[in-house]
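One-letter residues, chain by chain:
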Amino acid sequence: MIIAANLKTNLTREKTAKYIAEVESFLSKNSISEEVFVFPATSSLNSHSGAVVVGAQNAYPTTNGAFTGEIGYEQLEEFGIKTILIGHSERRHIIGETQEELVKKFNFYKELGFKIIYCVGEPLEIREAGFDSMMEYISAQYEGIDALYENLIVAYEPVWAIGTGLTPTNEDIVAIHAELKKKSSAPLLYGGSVKVTNAAEVLALDGVDGVLVGSAALYAEHFCTMCEYAQSLSK
Ligand SMILES: O=C(CO)COP(=O)(O)O
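All values reported here derive from a predicted model rather than from experimental measurement.

Draft legend 1. Seen up close, the site of the ligand. Taken together, 14 residues sit near the ligand, with Asn6, Gly163, Gly191, Gly214 and Ser215 positioned nearest. Taken together, the residues of the shell around the ligand break down into five nonpolar, eight polar and one charged.

Draft legend 2. Representation of the sheet that holds strand S8 (residues 210-213) within the structure. Spatially, S3-S2-S1-S8-S7-S6-S5-S4 is the arrangement adopted by the eight strands of the open sheet, whose pairing is parallel. Among the strands making up the open sheet, the edge pair consists of strand S3 (52-54) and strand S4 (83-86). Going from strand to strand, the sheet's axes swing by 25° on average, the running direction of each strand aside. Bridge analysis of S4 against strand S5 (residues 115-120) gives four bridges, and the strand direction is parallel. The partner of Ile86 across the bridge, within S5, is Tyr118.

Draft legend 3. Geometry of the pairing of strand S2 (residues 35-39). Burial runs high along S2: four of the five residues are buried. Taken together, strand S1 (residues 2-6), helix H1 (residues 13-29) and S2 form a β-α-β motif whose crossover is right-handed. For S2 and S3, the ladder comprises three bridges, and the chain directions are parallel. Note that in S3 the partner of Val36 across the bridge is Val52.

Cut-offs applied
- Residues numbered from 1 in each chain as written.
- Predicted model: local features only at pLDDT ≥ 70, side-chain atom pairs only at ≥ 80, totals over all residues.
- Near = placed C-beta within 6 Å.
- Nonpolar A, V, L, I, M, F, W, Y, C, P; charged D, E, K, R; others polar.
- Pairing = 2+ DSSP bridges.
- Helix = DSSP H or I, 4+ residues; strand = E, 2+ residues; numbered from the N terminus.
- Axes fitted to C-alpha atoms, helices over the stretch in contact; angles between N-to-C directions.
- Buried ≥ 20, exposed ≤ 12 C-beta atoms within 10 Å, placed from the backbone.
- Right-handed = clockwise from strand over helix to strand, strands pointing away.

What follows is the structure, given as structure tokens:
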């Protein structure tokens, strides 16, 4: 299974290094062989060798150039980063990235062979409009994306469940994942208020190949416990 920590705009470079070292040591002591990813803030990226795969939360579709405030492939390559999150709801809805921009990013990093965790998910008003409208909205987030890309992982993260403590029912997660599996056979993660208290339950659901965790992952101990759950449930 896949357990991923999105640290967002949290932790300093020093704290991130400690965090990754703690997770690494836990995985090794407990012989955990699940796929574990950590996505630190851009300023905390660093080279890392071990079981934990460190990825970028974002990067611009360029090797280098005049894109003030952005980083490109050259800055990722320095640290051996070959994994990237694309389409996170905070980038779509807070930063305002369009589907067209995400497609450019996707294609650029796909060409470089990156592992891409591509996020999809609907805001509350769309969810309230019913299952069909919701699936139509999410389908549009697959437009222009190569769903057959061999290094693709998809993460379903309902916008209204992120950082709110709210989650869809288990039945809803199973139903939505079943629909999304028809679009791509890539591993499919669930994200949105996954905590140490519900992670085992979510990981056990049909069609859930792992979790993408935000706030709860900031506690290395909690994140490690989730990795342990994944190992014991491994399917
Ligand atoms: O956005 C998320 C992971 O990418 C989920 O965030 P929370 O776990 O804080 O809800």
